[in-house]
Amino acid sequence: AQKITQTQPGMFVQEKEAVTLDCTYDTSDQSYGLFWYKQPSSGEMIFLIYQGSYDEQNATEGRYSLNFQKARKSANLVISASQLGDSAMYFCAMVRGYQKVTFGTGTKLQVIP
Amino acid sequence: SQTIHQWPATLVQPVGSPLSLECTVEGTSNPNLYWYRQAAGRGLQLLFYSVGIGQISSEVPQNLSASRPQDRQFILSSKKLLLSDSGFYLCAWVAGAINVYNEQFFGPGTRLTVL
């Protein structure tokens, strides 16, 4: 069975500094996708970044980058130059057949001024 | 552009009452549709998904059911709510290609409180 593990229930980061949110996954599939979503206190789920299992380059989207280490089954999210608006819950997720997505338990990030 | 709607936004229901949550998608055809539940402070749990009209797959056995009467309509129901059904319910859609993993787009959610 597929499983996503986020071991950091909460993180603090100083404004303008970089932060890494950890994510490890477990799957026997060869083809899969990994996502990161942001959930502010309003509850909406905001897509941040995607990495395919066959992608050789780490994905980047603006201030977000995904540190993909396939052999270690990790897909850590790196946020550079943190902003106050980055304070939110962050979920790592894995997609498999029929676009079924398994989510981790999330990391609550708080950016300190 | 595509949009996804959910209603109601909030709902307070007594234990044992029925439930009907609706989700509709605009601007796309033949999407895969999903219902998730998020308990307070927790991650998302996939409840149901549908790859087409009348096609429903259940991920977690429970007292909830789902239906897809139209291509872009997905309904979550219960005949008798339990206290444990409280949570934040999110509907999502994705373009239906099976071999390409696409971003899921989420609706605004329904916050359900069962008393």
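The present account deals with the structure reproduced in this document. If you're wondering where the values come from, they're calculated on a predicted model, not measured in any experiment.

### Considering the interface of chain B and chain A
Across the boundary between the two partners, chain B contributes 23 residues, which contact 21 residues of chain A. Each partner contributes to the roughly 1,900 Å² buried at the junction of chain B and chain A, and carbon and sulfur atoms together form 57% of this total. If you look at where chain B meets chain A, you find 0 salt bridges. At the junction of chain B with chain A, the criterion picks out 2 residue pairs in polar contact (both at pLDDT 80 or more). Taken together, the elements giving at least two residues each to the side of chain B that touches chain A come down to strand S4 (32-38), strand S5 (44-52) and strand S9 (87-94) of chain B.

### Here's the deal with the pattern of salt bridges
Residues and elements named next belong to chain A. Scanning the model with the defined rule gives 4 salt bridges over all chains in all. Asp26 is the partner of Lys73 in a salt bridge, and the nearest nitrogen-oxygen pair spans 3.8 Å. Here the residue Lys73 occupies a position in the loop between strand S8 (64-69) and strand S9 (74-79), and Asp26 occupies one in strand S4 (residues 24-26), the gap between them amounting to 47 residues. For Lys73, a relative accessible area of 28% gives the class partly exposed. Take Asp26: its relative accessible area is 41%, and that puts it in the partly exposed class. In this structure, Asp86 engages Arg63 in a salt bridge whose closest nitrogen and oxygen atoms are separated by 2.8 Å. Of this pair, Asp86 sits in the loop between S9 and strand S10 (88-96) while Arg63 is found in the loop between strand S7 (60-61) and S8, placing the two residues 23 residues apart along the sequence.

### Description of the environment of Thr110 of chain B
Residue and element names in this part refer to chain B. By secondary structure assignment, the location of Thr110 is in strand S11 (residues 110-114). Sequence-wise, Thr110 and Leu44 are 66 residues apart; in three dimensions their C-alpha atoms are separated by 13 Å. When residues no more than four places from it in sequence are discounted, the contact partners of Thr110 are Gln6, Trp7, Pro8, Ala9, Leu21, Gly87, Phe88 and Tyr89. Engagement of the side chain of Thr110 in a polar contact is seen with the backbone oxygen of Pro8, the distance being 2.5 Å.

### Section: the nonpolar core
Generally speaking, soluble globular proteins have nonpolar side chains that are buried together. All names here are of chain A. By size, the foremost hydrophobic cluster in this structure holds 25 residues, and its most contacted members are Tyr25, Leu34, Trp36, Ile49, Leu77, Tyr90 and Leu109. Residue assignment for this core shows that the elements contributing at least two residues are strand S2 (10-14), strand S3 (19-21), strand S5 (33-39), strand S6 (46-52), S8, S9, S10 and strand S12 (107-112). Per-element tally for this core: the top contributor is S10, with 4 residues.

### Side note on the environment of Ile56 of chain B
Residue and element names in this part refer to chain B. You can see Ile56 is positioned in strand S6 (residues 55-58). Between the C-alpha atom of Ile56 and that of Ser78, which follows or precedes it by 22 residues, the distance is 15 Å. If sequence neighbours within four positions are ignored, Ile56 has contacts with Phe48, Tyr49, Ser50, Ala66, Ser67, Arg68 and Phe74.

Here is what the cut-offs are and how they apply
Residues numbered from 1 in each chain as written. Chains lettered and ligands numbered in written order. Predicted model: local features only at pLDDT ≥ 70, side-chain atom pairs only at ≥ 80, totals over all residues. Heavy atoms only, no water. Contact = heavy atoms within 4.5 Å. Buried area = accessible area lost by both parts, 1.4 Å probe. Salt bridge = Lys/Arg side-chain N within 4 Å of Asp/Glu carboxyl O. Polar contact = N/O pair within 3.5 Å; in protein donor to acceptor, adjacent residues only side chain to side chain. Helix = DSSP H or I, 4+ residues; strand = E, 2+ residues; numbered from the N terminus. Buried < 20%, exposed > 50% of the residue type's maximum accessible area, 1.4 Å probe, protein only. Core = buried A, V, L, I, M, F, W, Y, C linked by side-chain atoms within 4.5 Å.

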